[in-house]
Amino acid sequence: MFGAGGGTSSYREVEETDLVILWGSNAREAHPIFFHHLLRGLRRGARLYVVDPRRTSSARFADVWLGLDVGSDIALANAIGREIIHAGLVNHDFVGRATTGFEEYAESVEPYSLEEAERLTGVPADAVAALAHDYGRAGRAQLCWTLGITEHHNATDNVLAMCNLALLTGHVGRFGSGLVPLRGQNNVQGGGDMGALPNKLPGFQDVSDDEVRRRFEVRWGTSVPARPGRHLSQMFEAMATGELRALYVLGENPAQSEADSGHATGLLGGLDHLVVQDLFLTRTAELASVVLPASVSAFESEGTVTSSERRVQLLRPALRPPEGARADMEILAELARRLGRGWGSPRAEEVWDELRSLSPMHAGMSYRRLEATGGLQWPCYDEDHPGELFLHARLWAEPRLGPPAPFSPVAHEPPLDELCEEYPIRLTTGRRLDSFNTGVQTGRYRSPLRRPEALELAPEELERLGLAVGDRVRVSSRRGSVVLPVSSDPSLRPGLAFMTVHFPDEVDTNALTLDAWDPKSGTAEFKATAIRLDPLEEPAPAGVGGGTARWT
């Protein structure tokens, strides 16, 4: 946020805050460790607002649930901002000291009255006002979000709308008040920190910065391109045009995790050369020219991981990898040797120390300190620095330290996959507590919580359609179709359906989803698909829509 590529707050702060907003996040199922911290905060008296199209298991703990229509997040955020301004709840001292662009922002949200917000979002005007007033008056407040905000064609604008509210009220840069993006997978934060972004070097340093780039070039003994590379969505576009003919995939299963999976699988299968480095023979690996068996980083190799609170923790191997498998770093080093760029046999600590010498925000995190402390939060500038509990305290300094934080006016845009007479139902996707992503890691284990994939609909919707629980339907979008049973879910409102992506070998949910992506982040619009249902009368074939999902 505001120049740093991570959340502003620590988990401890959600335990000691006055107000928590979970926006587009079913943290109880998708981020259960964080949710335990949140529950401690609720037990201490914090109020909880949940903003989500579904009344999820997280929303059942809320004081107020705002069940907005899918894709109307900016309209809601702008209406909250407008109400904060009209109610005289702006933190003018903070806005004047630490921000720019307030007048332009205030003008941009003026059309989003409470009544207009109710029309655009489906949320009652009094609930919008209540959230605005409670957030504006709270002594401390945490605004948290995850993929429900970011898996849209305007994902970055959704996040900027959240940031605007924090700037408006001064709920950033101090203990207990902050912006908390909960990362979608384990060590996503660490991947970004290490430079796994097309426009960044490790430590979120811009590849376009000549001085920064020179430091890396001297240390690495090679030139570093000044122009950003392609993000994942752009890679698939380049496959389609023939510009990208070879791909190296580490620990991903894009054949099943990408939107419009039929199109994605076709592109992967058409490459001249596909290398997959993974623990399992995934559907993507089945398409590969070469498969490189990797070890389990959490148990079989050494290194670091970084959580959503920017905490870097040291991992030590507990088990030996099976015969034929190697740590990712060993595989990469051996590949470099065979390509004529011998790196020797670097140990994990040596690689980490090189990283610390190039990334100022990691400089103080020696293995010795990480082991002694159980983990440190970046930025940690030297070996006497304790790490920062929260970010952007500089905005409260007098005089302010560093540049001001800008307001970013953004406008409501509806989902791209429009509802119509042919496709009248909105499908949104998400996770369940017992499973993870495409099920490669979790599908082989039994769970008492697991149930077969089904199209979840509101009870009223089932009645309107003349369907009973277990009836099979063909679900079609503008891209493909799948067959599965229906189930009843009272957390849904009529017109909204829900599916997961956990069992793609039985039900390929991403055959339905739209691959249009946010031009600023590259994230596809997984959360807003237009579908229709066609009832089927024939019996279900073996393995479709019933039983426990098998592992592949």
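You'll find the structure just up there.
A brief report on the enclosed structure follows. (Residues numbered from 1 in each chain as written. Predicted model: local features only at pLDDT ≥ 70, side-chain atom pairs only at ≥ 80, totals over all residues. Heavy atoms only, no water.)

Thoughts on the sheet that holds strand S11 (residues 290-293)
Right, so step 1: The three strands lie next to each other as S9-S10-S11, forming an open sheet whose pairing is parallel. Whereas interior strands pair on both sides, the edge strands pair on one side only; in this sheet they are strand S9 (246-250) and S11. Averaged over neighbouring strand pairs, the angle between their axes works out to 10 degrees when direction is ignored.
Right, so step 2: Strand direction decides the pairing type here: S9 and strand S10 (residues 273-278), joined by five bridges, are parallel. Each bridged residue has a counterpart across the sheet, and for Leu247 the counterpart in S10 is Leu274.
Right, so step 3: Of the strands in this sheet, S9, S10 and S11 touch helix H17 (residues 328-338), which is tilted by about 150 degrees from S9. (Pairing = 2+ DSSP bridges. Helix = DSSP H or I, 4+ residues; strand = E, 2+ residues; numbered from the N terminus. Axes fitted to C-alpha atoms, helices over the stretch in contact; angles between N-to-C directions. Contact = heavy atoms within 4.5 Å.)

Observations regarding the pattern of salt bridges
Right, so step 1: In this structure the tally under the stated criterion is 37 salt bridges.
Right, so step 2: Here Arg356 ties to Glu383 by a salt bridge, and the two come within 3.5 Å at their closest N and O atoms. Note that Arg356 is positioned in helix H18 (residues 348-358) and Glu383 in the loop between strand S14 (376-377) and strand S15 (405-406), a separation of 27 residues in sequence.
Right, so step 3: Glu383 sits in the partly exposed class, given a relative accessible area of 35%.
Right, so step 4: Between Glu461 and Arg464 there is a salt bridge, and its shortest N-O distance comes to 2.5 Å. Taken together, the residues span about one helical turn, with Glu461 and Arg464 both in helix H20 (residues 459-465) at a distance of three residues.
Right, so step 5: Three or more residues are tied together by salt bridges with common partners; here these are Asp353, Arg356, Arg368 and Glu383. (Salt bridge = Lys/Arg side-chain N within 4 Å of Asp/Glu carboxyl O. Buried < 20%, exposed > 50% of the residue type's maximum accessible area, 1.4 Å probe, protein only.)

Examining the sheet that holds S14
Right, so step 1: The strand order across the open sheet built from three strands is S12-S13-S14, with neighbouring strands paired in antiparallel fashion. If you trace the sheet from one side to the other, it starts and ends with strand S12 (303-306) and S14, each paired once.

Looking at the environment of Trp343
Right, so step 1: Among the structural elements, Trp343 can be located in the loop between H17 and H18.
Right, so step 2: Distance from Trp343 to Ser72, taken between C-alpha atoms, is 50 Å for residues 271 residues apart in sequence.
Right, so step 3: The residues contacting Trp343, other than those within four sequence positions of it, are Leu332, Ala333 and Ala336.

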